[in-house]
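# Observations on the three-dimensional arrangement
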Amino acid sequence: MDDQSRLAHEQHVTGHGGSSITETFMVAIGPMITGCFFHAVITSRRFWRVREQNSVVFWMYLLEVFVCILPILASQMCTEETSFGNIVWVGAGGLALIFARIFSVEVTKNSTNVKKKVLSSFRGLLMLSTCCAILAVDFKSFPRRFAKTENYGVSLMDLGVGATVFSSGFSAGVPERLAQAPRKKDVFSILALILLGMIRVLTVKAANYTEHSSEYGVHWNFFWTLAGVMTFHILLKSINKVPLTQNSLLPCAVFMAVLHIFVLGQMQMEKVIVEDSPRKTWFDMNREGLTSLSGYISIFEFAASVGLLFFSPDSFRSYDKCILALVMILAMSSLLYSIPSRRLANLSYCALVGCMSCMLIGILWCIELYGPSRKGLFLNYISRAQLPVFLVANVLTGLVNICFDTLSMSHSISIVVVGLYLLVVSSFARIQNEY
């Protein structure tokens, strides 16, 4: 990438203040709920007999991909009035789900299977939304208020970063996984993330690709943040001689949140980061990533605690209390910090991420409980191949930006390019799982 294009891209993603919490919640949660609505309809029991015919399995899979991708793509690129658009999408999906439920065949649902479907839907839809945003942000059709904020504020992509960490923590909170001792596979996953982070640093420098140091720092990136939170979780499991429980996960999350408040306030790291002090040492160069790590660890461990609560036998009653507690924490943190900050991963931001994620999980849970019994493949594929899908999405994003001038593309061409990119990512998820 030539210097002029690189500078233009850097200016395109710099200096944004975000949007309102209400709009951000609607554009983040609305399309995923709609996608799940339509996905529940086309994968309901009445479609099972059709799916068993090999000649139409591929086309049914494409239909699954289409109904999940379309609402996300439309909400991020096809309308400026996203609030009204999302209301229309959710309303249409809700009506379709009601009719599918009325005419569906009654089937007894297993509680454990329902919760596993919720986990797959949450992880799959969240990853789709994340993959869409990381490329769409490079086009002018993507509203600037949805891009990552510079210092303070909240936006779609800000929530996406924290929600991805929450998703990893939520799946780590499944009781069977908490009961397992740290394995070689876990260590290899961490080493793979560290290696991917190093490769990303080298390729970005070699290709003269767009860099935005206020996100994580000069060298630090999201792969290393994921590696950091996973390393902490494995060490926590190693220290405890018995499986992790609410008595260890929740206090750990609270402790890390308090430690993070101390680092930002008493150690004045918030002032250092926001005022863009000179970057002389390696720590200074990567202060955003290193400082925010304790905040993301807090999100991860809290998500693991929520996951453990969600998969417990009496989870329905306890989950209501969890959401209420999150709303109270969000209100209190807003009084303390007033404005969330992804760059700092402050308490207000962590509470916002937790609140949105728990709300989405709760809604998906209701869809599974009261909607038609369904059997789909697409979201399971995305959920199982989180890291490979995210890696491929990042590689394709880089290739698209290097090969094309995304900033000069028309609105219609931008939508086509992002749509084809999502189809390629979805096809990779199928290949990854089946071959």
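This text follows the structure it describes.
Residues numbered from 1 in each chain as written. Predicted model: local features only at pLDDT ≥ 70, side-chain atom pairs only at ≥ 80, totals over all residues. Heavy atoms only, no water.

### Let's talk about the environment of Gly17
Examined against the element boundaries, Gly17 turns out to sit in the loop between helix 1 (3-12) and helix 2 (21-42). Residue class for Gly17 comes out exposed when judged on its relative accessible area of 52%. The spacing of Gly17 and Asn151 is 134 residues in sequence and 7.7 Å in space, taken between C-alpha atoms. (Helix = DSSP H or I, 4+ residues; strand = E, 2+ residues; numbered from the N terminus. Buried < 20%, exposed > 50% of the residue type's maximum accessible area, 1.4 Å probe, protein only.)

### Observations concerning the nonpolar core
In globular proteins that are soluble, nonpolar side chains generally tend to be buried together. Among the nonpolar cores identified, the biggest contains 106 residues, and Phe166, Phe170, Val418 and Tyr421 are the most heavily contacted of them. In terms of residues, this core owes the most to one element, helix 6 (residues 111-136), which gives 14 residues. Apart from residues lying up to four places away in sequence, Phe170 is in contact with Leu119, Phe122, Ala303, Ala304, Val306, Gly307, Phe310 and Ile361. (Core = buried A, V, L, I, M, F, W, Y, C linked by side-chain atoms within 4.5 Å. Contact = heavy atoms within 4.5 Å.)

### Details of the layout of surface pockets
By volume, the largest pocket amounts to about 1600 Å³. Lining the largest pocket we find 50 residues, and of these Arg123, Ser171, Arg177, Ser383 and Arg384 sit closest to its centre. Those elements giving two or more residues to the lining of the largest pocket turn out to be helix 6, helix 7 (156-172), helix 8 (175-179), helix 9 (184-206), helix 11 (222-239), helix 18 (378-384) and helix 19 (386-403). The dominant element in the lining of the largest pocket, judged by the number of residues it contributes, is helix 6, at eleven residues. Its residues assigned to classes, the lining of the largest pocket shows 21 nonpolar, 16 polar and 13 charged. (1 Å grid on protein atoms, 1.4 Å probe; cavity = no way out; pocket = protein on both sides within 12 Å on 5 of 7 lines; lining within 4 Å. Points joined across faces, edges and corners; volume = space filled by probe spheres on them. Nonpolar A, V, L, I, M, F, W, Y, C, P; charged D, E, K, R; others polar.)

### Observations regarding the pattern of salt bridges
Counted by the stated rule, this structure contains five salt bridges. A salt bridge links Lys148 to Glu215; the shortest N-O distance between them is 3.1 Å. Pair noted here: Lys148 is in the loop between helix 6 and helix 7 and Glu215 is in helix 10 (residues 213-216), with a separation of 67 residues, a long-range link. Arg342 is the salt-bridge partner of Asp158, the closest N and O atoms lying 2.8 Å from each other. In this pair, Asp158 sits in helix 7 while Arg342 sits in the loop between helix 16 (315-337) and helix 17 (347-370), placing the two residues 184 residues apart along the sequence. Each member of the pair, Asp158 as well as Arg342, is classed as buried. Among the charged side chains, a salt-bridge network with shared partners connects Arg279, Glu288 and Arg343. (Salt bridge = Lys/Arg side-chain N within 4 Å of Asp/Glu carboxyl O.)

### Some details on the side chain of Ser341
Mapped onto the fold, Ser341 is located in the loop between helix 16 and helix 17. Polar side-chain contacts of Ser341 include one of 2.6 Å to the backbone oxygen of Asn151. Reaching out from Ser341, the side chain makes a polar contact with the backbone nitrogen of Leu344 at a distance of 3.2 Å. Beyond its immediate sequence surroundings of up to four residues, Ser341 is in contact with Asn151, Tyr152, Gly153, Asn346 and Tyr349. (Polar contact = N/O pair within 3.5 Å; in protein donor to acceptor, adjacent residues only side chain to side chain.)

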